[in-house]
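Commentary on secondary and tertiary structure
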Amino acid sequence: MDNSNVELITKMVLEAVEKKNAAQSGEGFLVPIGVSARHIHLTQEHVEILFGEGYHLTKFKELMGGQFASNEKVTIVGLKLRAIENVRVLGPVRKNTQVEISATDAISLGVKAPIRESGNIVGSAPIAIIGPKGAVYLNEGCIVAKRHIHMAPKDAMAAGVHDGDIVSVKADNERGTIFNNVQIRVDDSFTLEMHIDTDEANAAQIKSGDTVRIVSC
């Protein structure tokens, strides 16, 4: 093993120990916030219905885990024909189309979107999606995303948590909000970040880049 690899491993271990000591001291494990606005994941079939045959999503901004915000945007329509325009599509394409909105969006659209982990769309709310070339109606697929924390394995080790754990976190600001039922999601491709939607962020007076602390595991 060359010196550069030894230095990198040593740095990672020291960072993990430092974070673990902070967590055990009662301060709690520090996590940055990423506020997640409404967005859509599409199958390739639905991409082509909405944007044209043979169409592929184009990249606007890189996100964690190989995902990206695309340049493409669509309109979503609820059962009462209420619409929200300019909803961004995230890539790459998935095996199931999924619409993620806030609880306020659900009221505006007139849909009963359940709080779910991403990917769990069975029995979720129906929604229509309109693009420049066509429209798609989903019998299910619209959810309010469950709040969660993305972590790499080294961060999970430092925080003393595992994939699938449910924790509570606290925002040490003027509101002093505590978020319960926060799911831990661990993967090598993840960057440490807690995702909440715009409703939660506004209520707690939190913005992207602020930090919270895990206060119970």
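Just above, that's the structure.
Note that the structure is predicted; figures quoted are calculated from it, not measured.

A count of helices and strands for the protein chain gives five helices and 14 strands. For the protein chain, with 217 residues in total, the buried portion stands at 41%. For the protein chain, the exposed surface amounts to about 11700 Å²; the carbon and sulfur share of it is 51%.

Before going further, it helps to spend a moment on the pattern of salt bridges. One pass over the structure, following the stated rule, counts seven salt bridges. A salt bridge links K59 to E62; the shortest N-O distance between them is 2.8 Å. Close ionic contact of K170 with D172 constitutes a salt bridge, the shortest N to O distance being 3.8 Å. Looking at K170, the relative accessible area reads 31%, which means it is partly exposed. One salt-bridge network, held together by shared partners, links K170, D172 and R213.

Restricting attention to buried positions, one finds in helix α2 (residues 44-51) the residues H46, V47, L50 and F51. Angular distribution of buried residues about the axis of α2 spans 110 degrees; they occupy a single face of the element. On its buried face, α2 is in contact with β4 (68-77), β8 (125-130) and β9 (135-145). Backbone geometry just downstream of α2 places G52 in the positive-phi region, at approximately 120 degrees.

About the criteria used
- Residues numbered from 1 in each chain as written.
- Predicted model: local features only at pLDDT ≥ 70, side-chain atom pairs only at ≥ 80, totals over all residues.
- Heavy atoms only, no water.
- Helix = DSSP H or I, 4+ residues; strand = E, 2+ residues; numbered from the N terminus.
- Buried < 20%, exposed > 50% of the residue type's maximum accessible area, 1.4 Å probe, protein only.
- Areas by Shrake-Rupley, 256 points an atom, 1.4 Å probe, with all protein chains shown as cover.
- Salt bridge = Lys/Arg side-chain N within 4 Å of Asp/Glu carboxyl O.
- Arc of directions from axis to C-beta.
- Contact = heavy atoms within 4.5 Å.

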